[in-house]
Amino acid sequence: MSAGLEIQLIAIIVAIACSLPGVFLVLRRMSMMSDAITHTILLGIVVAFFITESLTSPLLILGAALMGVFTVFLTETLNGTGLVSEDSAIGVVFPLLFSIAIIIISKYAGAVHLDTDSVLLGELAYAPFNRLTLFGKDMGPKALYSMSVILLLNLVFIVAFFKELKIATFDPALATILGFTPALLHYSLMTLVSITAVGAFESVGSILVIAFMIGPPITAYLMTDDLKRMVMLSALVGSINGVLGYQMAAYFDVSIAGSMAVMTGLVFFLVFVFAPDKGLVSIIRRRSSQKIEFAQKSLLFHILNHEGDPNEALELGINTICQHVNWEMDFLNKMLSSLKKEEKIFMDGDIIRLTAQGKDYAIKSYEEIISEF
Amino acid sequence: MNVFELIMTDYTLQVVSLGSALLGIISGVLGSFAVIRKESLLGDAVSHSALPGIALAFLFTGTKNTEILLLGALTSGLLSTAIIMGISKYSKIKFDSALALILSVFFGGGLVLLTYIQKIPNANQAGLEKFIFGQASTVLLRDVKIIALLGAGLLLLVALFWKEFKIVSFDIDYAQSLGFDTKKITALLFAMIVTSIIIGLQTVGVILMSAMLTAPAVAARQWTDKLSVMVLLSALFGALAGLGGTVLSSVVSRLPTGPMIVIIISLIVLISLTLAPNRGLIWRFLRQKNNKKSISADQSLANLYHLKLDSPQSQGYEIPLIRPNLAQKKNGEQIVKEQLAWLTSKNLVREVNPSRWSITDKGMEYIDTYFKEEV
C-alpha cells in the first residue's frame, strides 16, 4: 500500500471513529467539551509518562482517558455549585489543566521527548512511518490498528446501547424513570470521547479531532431528523472530508490535518447553504413564499370585509387602497397582479372585487385560521 | 536577588509585566460582559480563529509588524464571530456546536497557511507560531504602546456605552422594548470582545486566551452582585494575574509566561469560589448549617406549642417528650438542650422546673404568626 493510500485509510477510520461519539456530543449540547477534552488529555499523557517513563506504554492512553473524564467531572462539579455557568466552567478548567501540562513539559523539556506542537497540531504525514511489525513482517502503520480498535469499541458501544443513548439524550428525565441511569451512560460516553481523542490526536492532532467530532455530525444534522440516519450520514461525511482533505493537502503540499479541517468547514458550508428543507436557500425561499401567501390572504380579507361598505369606493378603489392597507406601492401592485393572474380578483371599473373563486378561497382560509384558536 | 529589586532593575521584565498587566485589565473588563452573556467560550473560538488572519497578513505584506499581524487576526476573528452567529441564527445548530466547528476549521486553515508559508523560499516566517502558545518575552515596548492605546480606546468605549452594554447583557428583550438598537450594540460589544482577545494573543497565545477572558470575571462575580464592582474587580484580578505570572515565570527559570498567568488567575478563582462572602462555598456551608440549626430549634418550639395545646400542664415538659426522635440519637439531648437554652435567651421558652421546659406567651405568639399555615 502506498503512503498516500495508508494516510487516507487512517483518515477515514479516524473520521468515523470520531463522528460516532460526536453525534451525541452535538445532540447533548456538549460540543465544546470536545475542545476541552482534546486539550486536557495532554496533562494525562504527561502525568502517565512520568509514572511509566515510556512514550509507548498503553498506560498513556489510560492516563489521558482518565484525565478527559476528570475534565468533564471537574467542569460539572464547578457548574454544580451554581456559582459558575457551564460555559465559564469549561473556560476556566481546561486552560488550567493545559497550563499545568505545559509547565511540566517545559520544566523537564530536556528529559522529555514530548513536543506540545506535535501533540496539538499533529501531522498525519508521519503516521505511515510508525509501523507495526509482527514476526519481522511489516503489518502496516500502527495508527491504522490503534484507530481500528477504537472505532470498533465506539461502534460496539453505540450499537449495544443505542436505545439507552437515544432516550438519555432526548429525554433524560424519562431515562431516569425507566431506570437507565443517565449519569453512567454520560460518563461512559465521555470516556469514549476521551479514548477516541487520545487515539486520534496522536496521528491527526487535537484540533482536527474537534473538527472530526463536531463537523460531520452537524453537517448530517442539517440533512436528517432521524438519529440512526444522522449517525450513518456523519460517518459518511467524515470519510468524504478526510479523503477530500488529503487530496487538497497533496495538491498544495500543505498540512494534511489542517486541510481536512478546512474541508470539513467547506462541506458543512455547502450543506448549510444548499441542504434540502433545512438549508439557507430553502429557508429563505420558504420564508419569502410564506410572506407572499400571507400578504395575498390579508388583501383578500380586506376586500371581503369592505365589500358593499358605504366607503367601498375609497377602501377598494385602485387609487386609494394603498393608503388603507398601508403597503409599499410596488409590493401592493405585485400582489394585485398575482391575484389577478390566479383569477381571485377582477377590476370593476376602479374598484377591486373578488371573483367567486377568490371569495371561496378567502372564506376558506379565514375559517382555517379561526379554527386554530 | 529579590523579586522587587528584579522588577525595579530589569528593563525587559518591566516592559513585559506592564504589557501583561494591561492585558489583564482589558480582558478582565470585557470578559465580564462575555461571562454575563454566557458567551465566555467565544474567546476560545475567536483566538483559534485568529491564526489564518495572522498567516494571511504575513503572506500579503511579508512583514512581522505586530500591528499588521494583529489587524489580520482581528479581521479573521470578527469574520469567525459573524459566521458563528450566522450559523446559530439561520439553522437549528446550537451556538456551542457552531463555536467548535468554526474554531477547528479556522485553526486548520491557519495550519494550512503556515505550512504553505514555510515552503516559500527565504521567507522570514519563524516566529509566527509564537501566537499559538504565546511568548511574552518577545513583547517589545512598542507592542506595549499598542496594547495601551487599543486598551484605552476599548475602556473609553465601555465607559461611554456603559448603560447600553449593561442592559443588553442582562435583559436584551427589555432593551429592545425601550427602543435601544440591540443589534448594533451587541455587534459593537462583540467587536470589542474580539479586539481584547486579539490583543492578548502575543502574550498568552490562542489556547490560553479563553482563560484570560473568563477567569477574572468568574472570580469577580463571586464577590459582588453589582456590575460596576464586578468589572473593576475583574480588571484588578486580571492585572494581578498578568503581573504575577510574568514575574514568577522570569524569577523561576524556564517557566512559560502564559501558563503561569493562567495558574495564578485560576488560584484567584479558587479563592473567590471558596472564600467570597455570601456566594462563597464556605459561607454557604456555614449558612446552611445555621439554617438547619434554626429549623430544628423551630421544630422544638412548635412541639412545645402542640404539647401545651394538646396536654396542658404547668410542670413543663422533659426533653424526650419535646423531641422524641432527636432525643434518642447520640448527643441528641445535648442538642435539644442547647436549642432550648437559645430559645430561652430569646424569651420564647422558659425552664419551669429543672430540666422541664414550657413555651412562653411570646413563643405562642411567634408560632401563631410564623407557622399558622403549617400548624
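Residues numbered from 1 in each chain as written. Chains lettered and ligands numbered in written order. Predicted model: local features only at pLDDT ≥ 70, side-chain atom pairs only at ≥ 80, totals over all residues. Heavy atoms only, no water.

**Comments concerning the overall build of chain A**
Within chain A, the regular secondary structure consists of 17 helices and 4 strands. Against the 2.2 N^0.38 benchmark of 21 Å for 373 residues, chain A shows a C-alpha radius of gyration of 30 Å, more extended than a compact globule. Each principal axis of the C-alpha distribution contributes one length, and for chain A these read about 95 × 50 × 40 Å. Burial statistics for chain A: of 373 residues in total, 54% are counted as buried. Partitioning the contacts of chain A with sequence separation of at least 6, the portion at a separation of at least 24 is 65%. Surface accessibility of chain A: about 17,500 Å² in total, with carbon and sulfur atoms responsible for 64%. (Helix = DSSP H or I, 4+ residues; strand = E, 2+ residues; numbered from the N terminus. Rg over C-alpha atoms; globule rule 2.2 N^0.38 Å. Buried < 20%, exposed > 50% of the residue type's maximum accessible area, 1.4 Å probe, protein only. Contact = heavy atoms within 4.5 Å. Areas by Shrake-Rupley, 256 points an atom, 1.4 Å probe, with all protein chains shown as cover.)

**Details of a nonpolar patch on the surface**
Residues and elements named next belong to chain B. A grouping of W223, I271, L275, I282, F285 and L286 is seen on the molecular surface, where their side chains present a nonpolar patch of about 590 Å² in accessible area. Every element with two or more residues in the nonpolar patch is listed here: α12 (257-275) and α13 (281-310). A per-element tally of the nonpolar patch places α13 first, with 3 residues. Along the polypeptide, L286 turns up in helix α13. (Patch = residues over 30% accessible without salt bridge, like charges linked within 9 Å, V, L, I, M, F, W, Y side chains within 5 Å. Salt bridge = Lys/Arg side-chain N within 4 Å of Asp/Glu carboxyl O.)

**Topic: the pattern of salt bridges**
Oppositely charged side chains can pair when the atoms bearing their charge come close. Evaluated as defined, the whole model comprises 12 salt bridges over all chains. Note that E293(A) is salt-bridged to K297(A), the shortest N-O span being 3.2 Å. One end of the pair is E293(A) and the other is K297(A), both in helix α13 (residues 280-306) and 4 residues apart, which spans about a single turn. A relative accessible area of 40% places E293(A) in the partly exposed class. Its salt-bridge partner being E318(B), residue R356(B) comes within 3.6 Å of it at the nearest N-O pair. Of the two residues, R356(B) is situated in strand β2 (residues 356-359) and E318(B) in the loop between α13 and α14 (319-322); the sequence distance between them amounts to 38 residues.

**Focus: the packing of aromatic side chains**
Here a ring pair, both rings aromatic, is described through the centre-centre distance and the interplanar angle of the planes. A full pass over the atoms with the stated rule returns 9 aromatic pairs over all chains. Ring geometry for F49(A) against F50(A): centres 5.7 Å apart, planes inclined by 80°, an arrangement best described as edge-to-face. You can call F49(A) buried: its relative accessible area is 12%. The exposure class assigned to F50(A) is partly exposed, which follows from its relative accessible area of 36%. Here the aromatic cluster, defined as three or more aromatic residues joined through ring pairs, consists of F33(B), F161(B), W162(B) and F165(B). In this arrangement the basic side chain of K92(B) is found over the ring face of Y221(A), its NZ or CZ atom lying 4.1 Å from the centre. (Phe/Tyr/Trp six-rings, centres within 6.5 Å; stacked < 30°, edge-to-face > 60°. Lys NZ or Arg CZ within 6 Å of the ring centre and 35° of its normal.)

**Brief notes about the domain arrangement of chain B**
Splitting chain B by domain gives domain 1 (3-276) and domain 2 (283-370). Put simply, the middle of domain 1 of chain B and the middle of domain 2 of chain B, counted by C-alpha atoms, are 57 Å apart. (Domains from an automatic or database assignment.)

**Overview of the interface of chain A and chain B**
Tallying the contact residues gives 59 residues for chain A and 55 residues for chain B. Of the roughly 4,800 Å² buried between chain A and chain B on both sides combined, carbon and sulfur atoms contribute 73%. In this structure, D253(A) and K119(B) form a salt bridge, with 3.9 Å as the shortest nitrogen-oxygen distance. Where chain A packs against chain B, one counts 14 residue pairs in polar contact (both at pLDDT 80 or more). Tallying contributions element by element places helix α4 (residues 86-107) of chain A first for the side of chain A that touches chain B, with 15 residues. Each residue belonging to the side of chain A that touches chain B can be placed in one class, and the counts come to 33 nonpolar, 17 polar and 9 charged. (Buried area = accessible area lost by both parts, 1.4 Å probe. Polar contact = N/O pair within 3.5 Å; in protein donor to acceptor, adjacent residues only side chain to side chain. Nonpolar A, V, L, I, M, F, W, Y, C, P; charged D, E, K, R; others polar.)

**A short note on the environment of T257(B)**
Residue and element names in this part refer to chain B. Position of T257 relative to the elements: it lies in helix α12. For T257 and G244, which are 13 residues apart along the polypeptide, the C-alpha to C-alpha distance reads 9.7 Å. Side chain to side chain, T257 and S249 meet in a polar contact 3.4 Å long.

**Side note on the domain arrangement of chain A**
When cut into domains, chain A gives domain 1 (3-275) and domain 2 (282-371). Put simply, the middle of domain 1 of chain A and the middle of domain 2 of chain A, counted by C-alpha atoms, are 56 Å apart.

**Quick look at the packing of helix α3 (residues 42-61) of chain B against helix α4 (residues 66-90) of chain B**
How two helices pack is summed up by the angle between their axes together with the distance between the axes. Residue and element names in this part refer to chain B. Look at α3 against α4: their axes get within 6 Å of each other, and the N-to-C directions meet at 135°. The orientation of α3 with respect to α4, classified from their angle, is oblique. The handedness of the crossing between α3 and α4 comes out as right-handed. Judged by residue contacts, L42, A45, V46, S49, A50, P52, G53, I54, A57, F58 and T61 of α3 engage I68, L69, G72, A73, S76, G77, S80, T81 and I84 from α4. Of the residues that constitute the contact of α3 with α4, the class distribution is 12 nonpolar, 8 polar and no charged. (Axes fitted to C-alpha atoms, helices over the stretch in contact; angles between N-to-C directions. Parallel < 35°, antiparallel > 145°, perpendicular 65-115°, else oblique. Left-handed = near helix turned anticlockwise from the far one by under 90°.)

**Considering the environment of A220(B)**
All names here are of chain B. Relative to the assigned elements, A220 resides in helix α10 (residues 182-223). Each C-alpha atom, one on A220 and one on L233, is 5.4 Å from the other, the two residues being 13 residues apart in sequence. With residues up to four places along the chain from it excluded, the contact list for A220 reads M230, L233, S234 and F237.

**Digging into the pairing of β2(B)**
All names here are of chain B. Direction of pairing for strand β1 (residues 349-353) relative to β2: antiparallel, over a ladder of 4 bridges. Within the sheet, the bridge partner assigned to E351 lies in β2 and is W357. Linkage of β1 to β2, two consecutive antiparallel strands, is achieved through a turn of 2 residues, within which S355 is found at a positive phi near 60°. (Pairing = 2+ DSSP bridges.)

**Looking at helix α12 (residues 256-274) of chain A**
Residues and elements named next belong to chain A. In a regular helix each residue adds 1.5 Å, so 19 residues correspond to 27 Å; α12 covers 27 Å between its end C-alpha atoms and thus fits that length. Counted residue by residue, α12 has 15 buried out of 19 residues, so it is predominantly covered. The opening residue of α12 is S255, an N-cap whose side-chain oxygen sits 3.0 Å from the backbone nitrogen of G258. (Expected span 1.5 Å × (residues − 1).)

**Focus on unusual backbone geometry**
Residue and element names in this part refer to chain A. A positive phi angle, near 55°, is found at D253, a position not held by glycine. Structurally, the position occupied by D253 is in the loop between α11 (227-252) and α12. A positive phi is found at E343, a non-glycine position, where the angle reads about 55°. When its relative accessible area of 53% is taken as the criterion, E343 is described as exposed.

**Focus: α4(B)**
The end-to-end C-alpha distance of α4(B) is 36 Å, a good match for the 36 Å that 25 residues give at a rise of 1.5 Å each. Of all the residues in α4(B), the buried ones are T66(B), L69(B), L70(B), G72(B), A73(B), S76(B), G77(B), S80(B), T81(B), I84(B), G86(B) and I87(B).

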